[in-house]
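# Breakdown of the fold
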Amino acid sequence: MATAIAFVALVALNAYVLLGGADFGGGVWDFFATGPRRAEQRALIAEAIGPIWEANHVWLILVVVLLFTCFPPVFSGLAIALHIPLTLMLIGIVLRGSAFAFRSYGSAEDGPQRRWGRVFAIASLLTPVLLGVCIGAIASGRVGVILEQVYRGGGGESFVSLYVSPWLSPFTIAVGALALSLFAFLAATYLTVEADDAELREDFRRRALAAAIAVFVTAFLALLLARSHAPRVSAGLIASAWAPLLHVLTAVSAILAIAALWTRKWRVARVAAAAQATLILWGWAAAQAPYLIPPTLTIGNTAAPRRTLALFLIALALGAVVLFPSIAYLFRLFKSARMHEPGANRTK
Amino acid sequence: MGDVLAARSQMAVSLGFHILFAVVGIAMPVLMIIAEARWRRTGDAMYLELAKRWAKGTAILFAVGAVSGTVISFELGLLWPGFMRFAGAIIGMPFSLEGFAFFAEAIFLGVYLYGWQRISPRAHIVAGALVAVSGAASALFVVIANAWMNTPTGFRLQNGAPVDVDPIAAMLTPAAFHEILHMLLAAYAATGFAVAGIHGFMLLRDHRNAFHRRALVVALMVGVPAAIVQPISGDISARYVAQRQPPKLAAMEGQFRTESGAPLRLGGIPDVVAQRTRWAIEIPNGLSLLAFHDPHAVVRGLDAVPRRDWPPVPVVHVAFQIMVGLGTYLALLGVWVAIEASRRRDLAANRWLMRAVAIASPMGFLCIEAGWTVTEVGRQPWVIFGVMRTADAVTPMPGLIVPFLVISALYCFLGVVVAWLLYDLVMRSPIMREGDGTMAPVAA
């Protein structure tokens with residue numbers, strides 16, 4: 001049962017990456033909006049994420065409440081060891097969301113629009129990096145080691161060695177860069193489907209291709225650094241029985257995504273890009289299982305009592321019955337064939 | 001500043017900031033759907049304009065509420081990992097349900113805000129109603145978790161660890177009912193009067209502005225009933241606290257000594273050293289009467305518990321006086337409005353009433369801040385009353401003053417921006433006269 005719930009956590013994190021991640025990616029492209037259609041690019045991004053970003057954001061909350069209800073020691077451990085990057089990530093989340101709302105609903109004048117756009121874009125750029133850094137720190141196994149030291153209460157350790165160095169290493173930064181490029185890649189690929197203007201679509205096609213290269217480079221770099229920095233995950237990714245299959249599938253979806261972008265098969269590219277991101281995430285999870293925080297905290301030794309887990313699963317099932325149709329409705333309403341005239345729903 | 005105090009301060013700032021936006025998210029959808037329903041029924045386009053303008057303000061406030069709520073869900077662990085480790089399995093359930101309710105809220109707010117042209121009128125109102133219902137449900141679940149911290153149930157302690165965990169029993173914690181009732185009424189009263197106050201202020205400048213007249217009436221429809229009923233809910237809450245958390249009641253009332261026929265103290269400053277409350281107006285037997293509905297009942301004072309288990313008495317007492325004082329003002333104002341309205345008098349033209357409504361604008365929110373101060377500071381030094389001390393729950397990371405200052409600065413900045421944006425929105429209100437809007441879109 002605990003394994004099933006850990007699986008749900010992975011699915012929720014997956015949904016956050018594919019949906020919330022793309023919203024952050026949209027902010028990244030707001031930051032890098034260039035060329036003659038700069039304003040149109042920004043408008044398309046705002047229109048694409050406006051109705052849905054708050055709902056997409058809730059996937060992260062779901063991961064958090066799931067962890068603290070079903071795996072309390074994992075949540076409290078992560079919060080101790082990753083206090084600093086998590087706090088920075090929260091600041092990014094707060095500024096991204098607030099600035100977006102201020103820009104959408106506040107004064108339509110140029111000055112405030114530009115300023116809030118800037119805050120929105122920069123926060124969108126930094127937050128994914130911090131999310132990646134946190135995941136990298138968990139995968140590296142150093143969070144777990146530090147926690148042991150903190151709980152033993154040894155002393156003698158410096159602040160930096162306990163609360164900074166576990167998450168600040170070339171490997172974690174590479175994972176942060178990977179998260180950023182992945183989110184930007186997802187966003188650009190989705191936006192090629194959502195643009196109704198051919199030139200705008202080409203803009204995002206070029207961006208998606210560039211981001212695909214960035215994903216490839218950062219993923220390669222992270223894998224390379226993992227050998228020394230995250231040996232357990234690295235070993236899993238190289239030596240497990242499922243590893244070859246995973247790599248083949250990831251490579252196929254990556255190539256398919258690029259090929260589809262190249263040949264302008266927008267919808268195929270969107271599916272392939274989402275598949276690629278999913279496989280990267282699942283590869284990490286599979287290589288790390290059954291550890292939630294290696295090298296000590298596993299699914300088994302941190303799970304809440306059975307009664308709590310059972311109730312959580314029931315609540316989850318009931319929640320899903322209500323929420324999935326609602327989410328489907330939201331997306332059908334705003335993401336299906338673009339039935340509206342451009343800009344009709346922009347509240348400027 | 002020590003680490004525990006810094007962590008407590010950061011939590012206080014985060015909760016105090018978030019609650020303002022959370023409350024708006026509960027009550028504003030009700031105002032919006034009333035306005036929208038009136039537009040559909042009467043064809044009076046000014047109500048549509050009103051619903052849309054309120055929706056704009058709500059969108060800003062909801063976004064800030066969503067992200068500041070996220071901060072809190074993380075801070076539970078970032079600041080209080082000891083608490084989460086202990087309590088996660090017991091009380092994570094209502095937080096999870098709150099997550100689902102918030103999901104529904106976010107989904108249907110998106111539908112509501114961006115769906116004006118895309119869905120049928122009926123679907124649009126239903127979406128608004130779902131936002132209102134899920135907003136109230138979110139509040140319900142979060143308050144259950146807080147109630148559990150006051151009256152922990154659903155587990156047994158064995159060697160300092162919880163065993164026989166029963167999340168359902170934890171959710172049925174005795175404090176839940178009265179805390180939820182008090183909070184929901186507070187949300188409707190505070191938001192209703194805040195909005196009514198803003199439009200009342202605008203009506204003082206121009207009482208014939210038909211837009212503000214309609215806004216005033218809708219806001220009062222929500223705020224007035226809640227404010228009038230709230231003292232009853234407050235009485236229920238106080239009696240529960242008297243039974244379940246005597247030190248909290250003693251701090252609220254500045255009651256140092258255990259005595260029968262305890263007086264009710266209005267105002268005053270508790271002097272912890274001298275163990276008495278100075279400069280209060282004392283109503284003989286008042287506290288015994290209110291807390292136990294018996295003028296001679298024994299009220300346990302702070303002397304009934306060891307000194308190390310006392311909450312910070314002056315803070316709790318003064319916050320409680322502020323809450324009760326301002327709440328009483330709102331209830332009396334509500335009665336006045338109700339009398340005027342029942343006599344079919346023109347509320348907007350009554351300058352004294354409009355002045356009273358305008359100054360009431362911030363009061364409900366001040367009440368909420370003061371009320372949460374009472375319940376949170378009054379629970380100290382415990383994070384889980386009688387079970388876990390706040391100091392034992394705090395994160396081992398030193399230097400917590402830094403995140404406290406960073407988060408405080410961030411929220412000060414956001415608070416100023418939001419205030420400015422809302423001011424801007426209000427100042428751009430349309431100037432309309434009776435009859436201006438009636439030719440515009442008529443409901444199908």
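The rules we used
Residues numbered from 1 in each chain as written. Chains lettered and ligands numbered in written order. Predicted model: local features only at pLDDT ≥ 70, side-chain atom pairs only at ≥ 80, totals over all residues. Helix = DSSP H or I, 4+ residues; strand = E, 2+ residues; numbered from the N terminus. Rg over C-alpha atoms; globule rule 2.2 N^0.38 Å. Buried ≥ 20, exposed ≤ 12 C-beta atoms within 10 Å, placed from the backbone. Contact = placed C-beta atoms within 7 Å. Nonpolar A, V, L, I, M, F, W, Y, C, P; charged D, E, K, R; others polar. pLDDT = per-residue confidence, 0-100. Axes fitted to C-alpha atoms, helices over the stretch in contact; angles between N-to-C directions. Parallel < 35°, antiparallel > 145°, perpendicular 65-115°, else oblique. Left-handed = near helix turned anticlockwise from the far one by under 90°. Core = buried A, V, L, I, M, F, W, Y, C linked by C-beta atoms within 7 Å.

### A word on the overall build of chain A
Scanning chain A from N- to C-terminus turns up 15 helices and two strands. Relative to the globule expectation of 20 Å for 348 residues, the C-alpha radius of gyration of chain A, 20 Å, shows essentially globular dimensions. Once the C-alpha set of chain A is aligned to its principal axes, its extents read approximately 60 × 45 × 40 Å. Burial statistics for chain A: of 348 residues in total, 55% are counted as buried. Of all intrachain contacts in chain A linking residues separated by at least 6 positions in sequence, the fraction that spans at least 24 positions is 81%.

### Structural notes on the overall build of chain B
When helices and strands are counted, chain B shows 14 helices and 10 strands. Taken over C-alpha atoms, the radius of gyration comes to 23 Å for chain B, in line with the 22 Å a tight globule of 444 residues would show. With the C-alpha coordinates aligned to their principal axes, the bounding extent of chain B is approximately 70 × 45 × 40 Å. Residue burial in chain B is summarised as follows: out of 444 residues, 56% are buried. When contacts within chain B are restricted to residue pairs at least 6 apart in sequence, long-range pairs at least 24 apart make up 77% of them.

### A look at the environment of T395 of chain B
Its location among the elements puts T395 of chain B in the loop between helix 13 (390–393) and helix 14 (401–427). Looking at T395 of chain B, the number of C-beta atoms within 10 Å reads 23, which means it is buried. T395 of chain B sits 314 residues away from P81 of chain B along the chain, and the two C-alpha atoms are 5.7 Å apart. Filtering out sequence-adjacent residues up to four positions away, T395 of chain B remains in contact with I80 and H83 of chain A together with L78, L79 and P81 of chain B.

### With respect to the interface of chain B and chain A
Chain B puts 53 residues into the contact, and the matching count from chain A is 56 residues. Every element with two or more residues in the side of chain B that touches chain A is listed here: helix 2 (45–79), helix 3 (81–114) and helix 14 of chain B. If you tally residues by element for the side of chain B that touches chain A, the top one is helix 3 of chain B, at 21 residues. Class assignment for the residues of the side of chain B that touches chain A results in 36 nonpolar, 12 polar and five charged.

### Some details on the confidence of the model for chain A
Interpretation of the predicted coordinates at a detailed level should be avoided for regions scoring low in pLDDT. Within chain A, residue pLDDT values average 87, and 96% of them lie at 70 or more. Taken together, the stretch residues 339–348 of chain A has pLDDT below 50 and engages in 12 contacts with residues farther than four places along the chain or on a different chain.

### Brief notes about the packing of helix 6 (residues 175–205) of chain B against helix 11 (residues 351–360) of chain B
All names here are of chain B. Direction vectors running N to C along helix 6 and helix 11 enclose 135°, while the axes themselves pass 7 Å from each other. Considering the angle they form, helix 6 stands oblique to helix 11. Taken as a pair, helix 6 and helix 11 cross one another with a handedness that is left-handed. Contacts between helix 6 and helix 11 involve F193, A196, G197, G200, F201, L203 and L204 on the former and, on the latter, R351, M354, R355, V357, A358 and A360. A breakdown of the residues in the contact of helix 6 with helix 11 according to their chemical character gives nine nonpolar, two polar and two charged.

### With respect to the confidence of the model for chain B
Residues and elements named next belong to chain B. On average, residues of chain B score 92 in pLDDT, and 98% of them are at 70 or above. Of the regions scoring below 50 in pLDDT, residues 438–444 engages in 10 contacts with residues more than four places distant in sequence or in other chains. Both scores are available for the predicted complex, with the pTM at 0.91 and the ipTM at 0.89.

### Let's talk about the nonpolar core
Of all hydrophobic cores here, the largest spans 291 residues; its most connected members are V63, C134 and L186 of chain A together with L31 of chain B. Broken down by element, this core gets its largest block of residues, 23 residues, from helix 3 of chain B.

### Let's talk about helix 4 (residues 72–81) of chain A
Counting buried residues along helix 4 of chain A, 10 of its 10 residues qualify, which places the element largely inside the surrounding structure. When we look at burial in helix 4 of chain A, the residues that qualify are P72, P73, V74, F75, S76, G77, L78, A79, I80 and A81 of chain A.

### A short note on unusual backbone geometry
One can expect most non-glycine residues to show negative phi and most peptide bonds to be in trans. Cis peptide bonds are those with omega within 30 degrees of zero, and the linkage from P294 of chain A to P295 of chain A qualifies with 10°. Here P295 of chain A shows up in the loop between strand 1 (291–293) and strand 2 (297–298). At the junction of Q380 of chain B and P381 of chain B, the peptide bond is cis and its omega measures out at 5° in the coordinates. Positionally, P381 of chain B belongs in the loop between helix 12 (363–377) and strand 9 (382–384). Residues other than glycine seldom take positive phi values, yet R264 of chain A does so here, at roughly 60°. Among the structural elements, R264 of chain A can be located in the loop between helix 12 (243–262) and helix 13 (266–288). By C-beta crowding, R264 of chain A is classed as partly exposed, having 13 other C-beta atoms within 10 Å.

### Notes on the packing of helix 9 (residues 170–194) of chain A against helix 13 of chain A
Between two packed helices, both the angle of their axes relative to each other and the distance between the axes serve to describe the pair. All names here are of chain A. Put simply, helix 9 and helix 13 touch, their axes get as near as 8 Å, and they point 160° apart. Considering their axes alone, helix 9 and helix 13 lie roughly antiparallel with respect to each other. Where helix 9 crosses over helix 13, the two elements pack in a sense that is left-handed. Contacts from L182, F185, L186, T189, Y190, T192 and V193 in helix 9 reach W266, R267, A269, R270, A273, A274, A277 and I280 in helix 13. In terms of residue class, the contact of helix 9 with helix 13 is built from 11 nonpolar, two polar and two charged.

### Let's talk about helix 8 (residues 246–253) of chain B
Side chains three or four residues apart in an α-helix point the same way, a direct result of the helix having 3.6 residues per turn. All names here are of chain B. Of all eight residues that make up helix 8, seven are buried, and the element is covered over most of its length. If you check which residues of helix 8 are buried, you get P247, K248, L249, A250, A251, M252 and E253. The inward-facing, buried residues of helix 8 abut helix 7 (210–244), strand 4 (264–266), helix 9 (286–292), helix 10 (313–342) and helix 12. Positive phi appears at G254, one or two residues downstream of helix 8, with a value of about 65°.

### Comments concerning the environment of A219 of chain B
Residues and elements named next belong to chain B. Of note, A219 is situated in helix 7. We classify A219 as buried; it has 28 C-beta atoms within 10 Å. Each C-alpha atom, one on A219 and one on R156, is 47 Å from the other, the two residues being 63 residues apart in sequence. With sequence-adjacent residues up to four places away left out, A219 is seen in contact with L31, G192, V195, A196 and H199.

### Section: the environment of F331 of chain A
All names here are of chain A. By secondary structure assignment, the location of F331 is in helix 15 (residues 306–335). Overall, F331 belongs to the partly exposed group, with 16 C-beta atoms counted inside 10 Å. In this structure the C-alpha to C-alpha distance between F331 and I52, which are 279 residues apart in sequence, comes to 7.8 Å.

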